Amino acid sequence: MATLGTAVGTINLPKVNAASGITPVGLGGATRLGPLAGRCVTTANATASRTLPRPNPRRRQVFVCAASSQLSQAELEELLAENAKLKQLLNTYANRLSKQQVDRLTKQYEEIAALAAAAGLELEPLDFTGETTSSSSGVGSSANGGSTSSSNGLSSKAAPATAAGAPAPKAVTADVPAKPAALKPKAVQYTEGDKKVKAWVIEKGGVVQFSFDDSIDDSEAAHSTPASQHAAAGGPQAAGPAAVPDQQQPASSAVSAVDQFIQATKQKASGGGASRWAAMGGDTTSSSSNVKDSSGAAPGASSSSGGGRHSWRSTPMGTDDDSQLPAAAAAPQGPPAPVPAPPVRPSATSPTSQASAVPQQQQQQRRGPGTPLLHQQGQPSSSSGNGVVLDGAAAAMARLNAANAAAAAAAATSQRQAPPPKPQASPKPVEDDILDIPDPLETAAAAVKTITAADKAKREAENKKVREVAQEEVDKHDPTAVAATRHQWLIFTVPEKPVAGCDVVVYYNRTQSEPLRERNRIQLCLGFNQWELAAEQARVDLYPSAIPHMDGSDFWSCRFRVPETAYEVNFVLTDGDGLFDNNLGQDYTYPTQAGSTWEEWTAAAVERAAEAEKERQKKEEARRAEEAKQMAEEKEKRDSDNALKRVAELRDGYKWLQEGGLTKKKVSDTDPTSKTLWSVAPTPLTPGKTATLLYNSKAGPLAWIEDKRPATKKGSTDIVEGQQVPMLHYGYNNWKVKCDPLPMKLSRVTGDDDELWWEVSFNVPKDACCVNFVVNSGSSWDNNGSKDHKIAVELPKPYDAETVGKWAESMLEDYLKEEHAARIKAEKEQAEREAKRLKERTAAKEKARAVLSRQMEHVMFTEPEVIQAGERVTVYYNPDGTVLAGTSEVYFTGGFNRWAHKRQLGPVKMRPPGPNGRHWRVRFSVPKDACQLDFVFSNVPGGDGIYDNRGGFDYHLPIKGSIGGSLPNRLHVAHIAVEMAPVAKVGGLGDVVTALARAVQEEGHLVEVILPRYDFFLQSPVLAGQMRHDCEFDWGGTRIFVSTAIVEGLRCFFIEPRNGFFATPTVYGRYDDEVRFDFFCKAALEFLLKTGRQPDILHCHDWSTAHVAKSFWEDYQPYGLWKPKVIFTIHNLNYGQKKITEAAQYCQKFTTVSPTYAFEVGGHPAIASNNFKFMGIRNGIDTELWSPTENKFLPMSYDANNVEEGKRRAREELRKRVNLSQWQDKLIIAVVSRLTPQKGVHLIKHAAYKALDRGCQFVLLGSAPDPKLQTEFNELADQLRHGQDASFIFEYNEPLSYMIYAAADIVLVPSMFEPCGLTQMIAMRYGAVPVVRHTGGLRDTVFDVDNDKPRAAWEVAGSSDWMRDKIDETNGFAFE
């Protein structure tokens, strides 16, 4: 096995010993240079068998070289490895290879030599003798030549267990091969900046090394030798001459190819940050030097003999790291596009923690396709033979330090004999347009541009021939013959290397698979090009093949076609029921022939993204059009149904509507001589005509209205100053339809002196059977003794009582038009409201982003400030005042789209600030499909160190102008709570559950709320008519029914057990509340499990649902509810502290409702032991639910433009309702609160007295659960009510609370402690001034006018100097 060492620039070649039981075999994914080149060797002994795959360079950045062979950088690496391996195989196993195999291997070696010659690398001719000598020393060398065996021939390092059912291969005895001829050292001189560098490629002791000398000048170029460096490093003297003559330099085209190869290798060998490949998005983790896992196998070891993307674990199995799971515990079904392993960074526990840094997004617990195990990008972990995992960066640095020390010693030796080097020139300043992080897309595009049309035509012709041969091989191959020597393999394919544009057959040995060995169904989840190219059939079933079962093998197979644009095949295998074989989280990957290259695929990424976005928009438009069509049809049907319903009501209710109708009303129904109260003309009334009502105010309850007209103008209709005017409020068909009020006018009818006649004209609708009306003036009403007045309306001709049905049906067309017009009007108004809300929300979000940007300017900012997709951006960072203050180096690690984008940035060292500067900087280009930039800073390029990750949340910046880019799929959040406004509200908990769920849903996530089904839901107007049965199941010794409904736009589920736990009229108050709510917590989890739901987040609230955290991890996560993480929120630590302690222990993150309250309770015993995962997030209110512009409980809607008039009307209405004096329009001070000691009841009492002393009015809405406290407030109310300036309403009345907020000038919140509090925010929403104590969330939301100007400017506007910026963001009064 050959691996390229990324840390010290070596290629380790295996020393194969027959006595150790090493048998050469080919791999299912053939090498790119020949059909039989071995990808791995299988190590086996009496107790162990393990396949060691060769790391695949497919994910490295490929550069097209200038050599005539057009060899890539990765191909040059393979030349050296394949050369040594093939020579060794031929010389070692010649006596066991058939002539045909020898010929094929020999031919392959010749192909390699020819390619090497074209690149300027001279390989030794093949010296194949076919003779071997016997040896039974029992000493076996590992993949890196560092492992020895015990006397019985077994490796001293732990070996993996033999697969069940597979017999252990017998040890093969063979002669020790002669040492292969060493490679001739090749010297290449090239220029690097102002330096001239000379490099050698030398083979010594089975190891190919790269030596560099960058301290030479022109005179030394042809005479320097790396021999002293090798000696100083402790290695044997390299074969070949000490100096390489100039005439051995390769041709100019070959020099270019080798230059690229050696420069990239030198960069890796020097340890100077990420390699060119890693810097350009390539994968440097697929190769390693001198790294072995705990079993003694090489890092890429896997139970598969398949090719590609092999990795190793950064944590040993069995540790507490739940992110490292076996392939058997794979991810959910279906192969989503894989997310490359993000850069590692510190956990969110503390910004100063010096632990391995982990990206913000959570690692999936069960891995499927495209979910690789997380490891340090570019820094593979190393492990010792005893299984102790070492930090990859530390191991690499140790090796690098040793190499540097050896080089320094060699340099010291050579300096005693050589003249001193010439002074080095100062480095040139870096140009601003140079990118610190190169863009692989630009590189790929540049490489593709070098391919001419002739080259394309030639390659297409060659590809066509390859496809014809490959398709014939697939169609005619004999499975039994192909598998004859592969019965111990896990996977092989036909053809051995898939060909793009042709079929491929995959053979899968079920008995060699640990996760799927016993499964009766196997599916292949298929994709291409790192899962970016979807397959026509995402899942392909495998069936038992015709291959005989030999040596315990059981091959299953499937056949599929590889697209012509594929440069690699990706797949995992599954049983279709959640169990996966995904190559230890790395997926199975096979490079293709005759397809697109990585460069071509990458260069076309922008066009694909644009085309995909265009197609997506087209589909979205089609989907919306179809939805609109269906919705329109539904609406038309609804209009028709409503019209038919109105016709039926009119036909069936005509007689009932006519009952009690009159055309004239006298004061007394029994005295015909009594005065007339009202009459109508014409008589009788006819539908569709205009009618006039004459009303005698002196004959009814409005007799107090005086006639202000002069005696000389009693017949005049003019209204003089001071005249009270009655108003007509009318409707028809028993108020089925209400019409706008009409003012009456004085009538010319004078009548007697004790009569005052008024008149008003109105239209009688076409479908009127009666007209209903009442009359008022001010607060006086004439409503016919609470029966209302009714005017009879006769049927129009030619209809009568017998043909009333036909008359009703004649209304159908008019009804349809009315329903349609009413719906269009309502939709238009709703659209206008939604547009206004969207504009307000967008403005609020933009303001919040701007404030956050200003608050971070002293630490980080970008140029340009608004990042554009496809453009370049420079990130500036000032570590002063952060955890990285004083650091000598700063590294930038970034990604896009919540770390889900395939392109990762760094870690890369940032440019240091200038002489007088403070900001480090890094420049890079932004992908065109990126919509968010994510990044962190650190003082190390990876591994242990100090990270500035913004307190565990990372830095995130929006990107404008993205083409087809999107953030990862939406989250599924399930809230489990016992309160929710407005259906089950007791306190602020219910408001927060609703507001938070709506806010998260508006961000595009799926949100569901699970509640108990209380008995009082049956009287809820919100739930009336929409509760639907969802499911039912048996659990907990009872039958549980689940119903569902929409509450405030949220899908809610209601748990109703038949044991009567929630057959209660209130949320709290039973003696067994804890038992009931614990039962509910488990029933909610059982509901999720039974219905197959897998939320991403379970959010439980306060002590009442704290039991969710423990129950989930102990009783549900191991048994199928595997996906969620648990978030717990403390709304009030004053209750249920034992339950809160339990939840804090079991949840992944727990929060409270304001930062200040988190600080105040952080040392509490219930929290202190888990403080590292605790934080405060300020609550908020839903400004649409709490809006004075759309509140039906207010006498007048208002906003900032007419707030004074709106609040004046509200004060008038409130005073009427609670019996306060209207005199002088006094200042109103209000308290809306539960009356508990927490709420500062002694301060509320004091405020009531002071308010009245200062000439204000005082209103209190709330009640005390403590009878003693309630008695005290009852006495206070009796004492203060007499003057009509104080009102106490001891009840829960939400409609009245809206009126109080709108009417109040000051809202008092004097809490002794307050986790957050919503009252003060609602007060500000309705235009009232909050007066609060500085505690908890009150401090975080109310800024005192006198003392909090600096803090308010910073928190609200992001200003660090309120006087300079002339900002005053204070909003209330606060006291200690």
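Residues numbered from 1 in each chain as written. Predicted model: local features only at pLDDT ≥ 70, side-chain atom pairs only at ≥ 80, totals over all residues. Heavy atoms only, no water.

## Concerning the overall build of the protein
Regarding its fold elements, the protein presents 27 helices and 53 strands. Taking all 1376 residues of the protein together, the buried fraction comes to 51%. Put simply, the protein shows about 62,500 Å² of open surface, and 53% of that area lies on carbon and sulfur atoms. (Helix = DSSP H or I, 4+ residues; strand = E, 2+ residues; numbered from the N terminus. Buried < 20%, exposed > 50% of the residue type's maximum accessible area, 1.4 Å probe, protein only. Areas by Shrake-Rupley, 256 points an atom, 1.4 Å probe, with all protein chains shown as cover.)

## Quick notes on the sheet that holds strand β21 (residues 690-696)
Read from one edge of the open sheet, 5 strands run β19-β20-β21-β26-β25, paired in antiparallel fashion. Strands with a single pairing partner mark the edges of an open sheet, and in this sheet they are β19 (664-666) and β25 (745-746). As defined by bridge partners, strand β20 (residues 676-681) adjoins β21 across 4 bridges and the pair is classed as antiparallel. Residue pairing across strands places Ser-679 opposite Leu-694, the latter belonging to β21. (Pairing = 2+ DSSP bridges.)

## Some points on the side chain of Arg-1093
Tracing the sequence through the fold places Arg-1093 in the loop between α15 (1073-1090) and β44 (1097-1101). At a separation of 3.0 Å, a polar atom in the side chain of Arg-1093 contacts the side chain of Thr-1091. Apart from the residues within four sequence positions on either side, Arg-1093 is in contact with His-972, Glu-1008, Phe-1053, Phe-1087, Leu-1088 and Leu-1121. (Polar contact = N/O pair within 3.5 Å; in protein donor to acceptor, adjacent residues only side chain to side chain. Contact = heavy atoms within 4.5 Å.)

## Describing the environment of Gly-964
Relative to the assigned elements, Gly-964 resides in the loop between β38 (955-960) and β39 (972-976). Accessibility expressed as a relative area gives 36% for Gly-964, which makes it partly exposed. Between the C-alpha atom of Gly-964 and that of Lys-928, which follows or precedes it by 36 residues, the distance is 8.3 Å.

## Some thoughts on α15
Along its 18 residues, α15 runs 25 Å from first to last C-alpha, staying within 8% of the 26 Å computed at 1.5 Å per residue. With 13 of 18 residues buried, α15 is to be regarded as a mostly interior element. Note on α15: the residue one or two positions beyond its end, Gly-1092, has a positive phi of about 75°. (Expected span 1.5 Å × (residues − 1).)

## Some thoughts on unusual backbone geometry
With an omega of -5°, the peptide bond running from Ala-681 to Pro-682 counts as cis. Among the structural elements, Pro-682 can be located in the loop between β20 and β21. Backbone geometry places Arg-898, a non-glycine residue, at a positive phi of 60°. Structurally, Arg-898 is set in the loop between β33 (891-896) and β34 (905-909). We classify Arg-898 as partly exposed; its relative accessible area is 31%. With a phi angle near 65°, Asp-954 is a residue other than glycine that sits in the positive phi range. On the secondary structure map, Asp-954 appears in the loop between β37 (947-948) and β38.

## Topic: the pattern of salt bridges
Taken as a whole, this structure holds 73 salt bridges when the rule is applied. Between Lys-909 and Glu-889 there is a salt bridge; the shortest N-O distance is 3.1 Å. Pair noted here: Lys-909 is in strand β34 and Glu-889 is in the loop between β32 (872-877) and β33, with a separation of 20 residues, a long-range link. Given a relative accessible area of 27%, Glu-889 falls into the partly exposed group. A salt bridge links Asp-1115 to Lys-1082; the nearest nitrogen and oxygen atoms lie 3.2 Å apart. Of this pair, Asp-1115 sits in helix α16 (residues 1107-1116) while Lys-1082 sits in helix α15, placing them 33 residues apart in sequence. Each of Glu-834, Arg-837, Arg-841, Arg-998, Glu-1002, Asp-1182, Glu-1184 and Glu-1190 takes part in a single network of salt bridges with overlapping partners. (Salt bridge = Lys/Arg side-chain N within 4 Å of Asp/Glu carboxyl O.)

## Overview of the environment of Thr-1189
With respect to the helices, strands and loops of the structure, Thr-1189 is situated in the loop between β47 (1174-1176) and α20 (1203-1218). Here the alpha-carbon distance between Thr-1189 and Val-1203, two residues 14 residues apart in the chain, equals 9.9 Å. Of note is the side chain of Thr-1189, whose polar atom sits 2.7 Å from the side chain of Ser-1187.

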